[in-house]
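# Observations on the three-dimensional arrangement
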Amino acid sequence: MALASATSVSAAPWRVIVTRPGREAQAWADALQARGVPCEALPLIEIAALPEPLALAQAWQAVPGHLALMFVSANAVRFFMAARPVGLPMPSCRAWSTGPGTRAALLAAGWPEGLIDSPHEDAPHFDSEALWALVAQRVQAAVASAWAPSKPSVLIVRGADARGQLAGRDWLALQLENAGLQVLQAVAYVRQAPVLTPVQQSLARQAVGDGSAWLFSSSEAAQHLLQACPDLPLSQAWALATHPRIAQRLQQLGCGRVDLVPAGVDSQAQSIKSLT
């Protein structure tokens, strides 16, 4: 669905620029390429370990008492599981994820498949709303059976920005609190703007005006692009957004054309090809 357009944007992209974090960007570009979509990876979010992991180790000690751990991304899984103290067993509580990438990371980390709640890979959106639809009934049952004054708890494992501010939305946390759960937060990694090389900066400037389509699964990536190349003429850019909120932010930043595409790789590839 086209949300905005500009006559200066070419009707067909020469390639798709994938802006996910480093290891994810190349894997996603390869997956789209295998499905007939010309791609190039330009990671616009850098993922780094916490400078001080003590708080993460402390969060692990309370894991057995939680109803569930909610992971906001595959990176949240990788960094949290890497911090598991020696001798502490794998959790036996449920794990929540908002999409197939995070679910795959949980399985790779050894989390039992039967304890993972995640939207189906064909779901139209991979977000907190889709996850809540899956877990709301279980949450309500847990609250109803809890002995007062104790509250069941959920630990949300997420990233923080370079200043230590929590990254991501609070929508799910609000739903959980309103349902009667205690919500705790654990920061597992840092999301920060990458330092683009001269070659990457050149690619960015070229791709804005040559008809390439920029694929954004996070509006933060678009903000990092502008930080790295503040003179980019975004009015000439074609952006592909995997969620309406991202599309709205891209419009606010001045992208000349914004299209919504599905989040799943198969349906996304089909959608991109239909737009060319």
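Note that the structure is predicted; figures quoted are calculated from it, not measured.

Here we come to the packing of aromatic side chains. Within this structure, the stated rule accounts for five aromatic pairs. Relative to F216, the ring of W214 lies with its centre 6.3 Å away and its plane at 10 degrees, an arrangement referred to as stacked. The structure contains a cluster of three or more aromatic residues connected by ring pairs, namely W60, F71, F80 and W111. When the ring centre of W28 is taken as origin, the NZ or CZ atom of R20, which lies over that ring, is 4.0 Å away. The residue whose ring lies beneath R257 is W238, and the NZ or CZ to ring-centre distance is 3.8 Å.

Burial along strand β6 (residues 94-97) is two-sided: the residues R94 and W96 and A95 and S97 are all buried. In this sheet, β6 lies alongside strand β5 (residues 68-71) in parallel orientation, the contact comprising four bridges. Each residue of the ladder has a partner; that of A68, found in β6, is R94. For the crossover from β5 across helix α3 (residues 74-82) to β6, the handedness is right-handed. The pairing of β6 with strand β7 (residues 116-117) spans two bridges and is parallel. For W96, the partnering residue across the bridge sits in β7 and is D117. In the classification by handedness, the crossover that spans β6, the intervening helix α4 (residues 100-108) and the parallel β7 is right-handed.

Both faces of the sheet carry side chains from a regular strand, because those side chains alternate between them. Bridge count for strand β4 (residues 46-48) against strand β9 (residues 182-192) is three bridges, and the pairing is antiparallel. Paired with A48 across the two strands is V190, which belongs to β9. Note that strand β8 (residues 153-161) and β9 share nine bridges and pair parallel. Opposite A160, over in β9, you have V190 as the bridge partner.

Among the nonpolar cores identified, the biggest contains 27 residues, and L42, L44, W214, F216, L225 and L250 are the most heavily contacted of them. Breaking this core down by element, the ones donating at least two residues are α7 (198-209), β10 (213-216), α8 (219-228), β11 (238-241), α9 (244-253) and β12 (257-260). Filtering out sequence-adjacent residues up to four positions away, L225 remains in contact with L44, A204, W214, F216 and L232. Counting 24 residues, the second largest nonpolar core, distinct from the first, contains V77, M81, A105 and I116.

Counted according to the given criterion, the structure contains 12 salt bridges. D266 is the partner of R35 in a salt bridge, and the nearest nitrogen-oxygen pair spans 2.5 Å. Remark: D266 occurs in helix α10 (residues 265-275) and R35 occurs in the loop between α1 (22-34) and β3 (39-41); sequence separation between them is 231 residues. Under the relative-accessibility criterion, R35 is labelled partly exposed at 29%. Of the charged contacts in the structure, one is a salt bridge between R103 and E113, with a shortest N-O distance of 2.8 Å. With a gap of 10 residues between them, R103 in helix α4 and E113 in the loop between α4 and β7 connect regions that are remote in the sequence. Given the relative accessible area of 26%, R103 is considered partly exposed. Residues joined by salt bridges that share partners form a network here, namely R15, E40 and D210.

Cut-offs applied
- Residues numbered from 1 in each chain as written.
- Predicted model: local features only at pLDDT ≥ 70, side-chain atom pairs only at ≥ 80, totals over all residues.
- Heavy atoms only, no water.
- Phe/Tyr/Trp six-rings, centres within 6.5 Å; stacked < 30°, edge-to-face > 60°.
- Lys NZ or Arg CZ within 6 Å of the ring centre and 35° of its normal.
- Buried < 20%, exposed > 50% of the residue type's maximum accessible area, 1.4 Å probe, protein only.
- Helix = DSSP H or I, 4+ residues; strand = E, 2+ residues; numbered from the N terminus.
- Pairing = 2+ DSSP bridges.
- Right-handed = clockwise from strand over helix to strand, strands pointing away.
- Core = buried A, V, L, I, M, F, W, Y, C linked by side-chain atoms within 4.5 Å.
- Contact = heavy atoms within 4.5 Å.
- Salt bridge = Lys/Arg side-chain N within 4 Å of Asp/Glu carboxyl O.

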